[in-house]
Amino acid sequence: MRELRLHGRGGQGTVIASKLLAVALFLEGREVQSFPMFGVERRGSPVTAFLRVDDEPLKLRCEIHEPDELIVLDPTLIGTTDITSGLKLGGRILINTEQAPGDFPDLLARAHVSTVDATGIAVRHGLGGKAQPIVNTAILGAYAADTGLISVANMINAIKEEVPVQIDANIAAAMEAMVAVRHAPMGSADVREVARV
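This one's a predicted model, so the numbers in the text were calculated from it and none came from an experiment.

## Notes on the environment of Met37
- When you line up the elements, Met37 lands in the loop between strand 2 (31-36) and strand 3 (46-54).
- Between the C-alpha atoms of Met37 and Tyr143, which are 106 residues apart in sequence, the distance is 21 Å.
- Excluding anything up to four places from it in sequence, Met37 contacts Thr48, Ala49, Phe50 and Glu63.

## Describing unusual backbone geometry
- The backbone of Gln166 sits at a positive phi, close to 50 degrees, despite the residue not being glycine.
- Its place among the elements puts Gln166 in the loop between helix 5 (152-162) and helix 6 (167-180).

## Description of the packing of aromatic side chains
- With the rule as written, the count across this model stands at 1 aromatic pair.
- Ring centres of Phe35 and Phe50 lie 5.2 Å apart, and the angle between their planes is 35 degrees; on these two criteria the pair is classed as tilted. With Phe35 in strand 2 and Phe50 in strand 3, the pair connects residues that are 15 residues apart, well separated along the chain. Each of the two residues, Phe35 as well as Phe50, counts as buried.

## Describing the pattern of salt bridges
- A full pass over the atoms with the stated rule returns 8 salt bridges.
- Its salt-bridge partner being Lys19, residue Glu162 comes within 3.5 Å of it at the nearest N-O pair. A residue pair is termed long-range when its members are at least 10 positions apart, and Glu162 in helix 5 and Lys19 in helix 1 (residues 14-27) qualify at 143 residues.
- Residue Glu162 is classed as partly exposed on the basis of its relative accessible area, which comes to 21%.
- Classification of Lys19 as partly exposed rests on a relative accessible area of 42%.
- For the salt bridge of Arg124 with Glu176, the shortest nitrogen-to-oxygen distance reads 2.6 Å. Taken together, the positions of Arg124 in helix 3 (residues 118-124) and Glu176 in helix 6 put the pair 52 residues apart, joining distant regions of the chain.

Reading the values: rules and limits
- Residues numbered from 1 in each chain as written.
- Predicted model: local features only at pLDDT ≥ 70, side-chain atom pairs only at ≥ 80, totals over all residues.
- Heavy atoms only, no water.
- Helix = DSSP H or I, 4+ residues; strand = E, 2+ residues; numbered from the N terminus.
- Contact = heavy atoms within 4.5 Å.
- Phe/Tyr/Trp six-rings, centres within 6.5 Å; stacked < 30°, edge-to-face > 60°.
- Buried < 20%, exposed > 50% of the residue type's maximum accessible area, 1.4 Å probe, protein only.
- Salt bridge = Lys/Arg side-chain N within 4 Å of Asp/Glu carboxyl O.

Structure below.
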């Protein structure tokens, strides 16, 4: 079983990102479970969502306290919120940022780090406003390329199924993110491109 925790802010599409990943992974033939943490929900407030994926039926129905992977939709949460709480040693972190993975040495000391400028991609494709772009489909594309768990066809099918507007722009954002994601293995600042398109 693989457990993911997503951190973002209200209005970025964090909960929808979790649902998009769940749908794409389900289309790959896996068992999935996606749910948000309920709390004060307003635009700009920290939002947490969870995702479980396995090849066997999922029986756990609780929040994820020791994730295998983190997805950070807003890099300003790093340092202000303990986003790495419970992250397993050798886990993976995907961060929406212009910075390279090597710019996060503290995170690289305990995890594999990947980065993608999902905000810039969303703005270029007109997703959301410039003040608060919606980055969920770019995150989906980056995750698909970084892990190899989601095919291009199922990524596109998930977007068509779950995103009711700007479908072509959202698909284009996901495809751009697939070639833009960068990765550094734990303990290294050696960054490599991971595009799998």
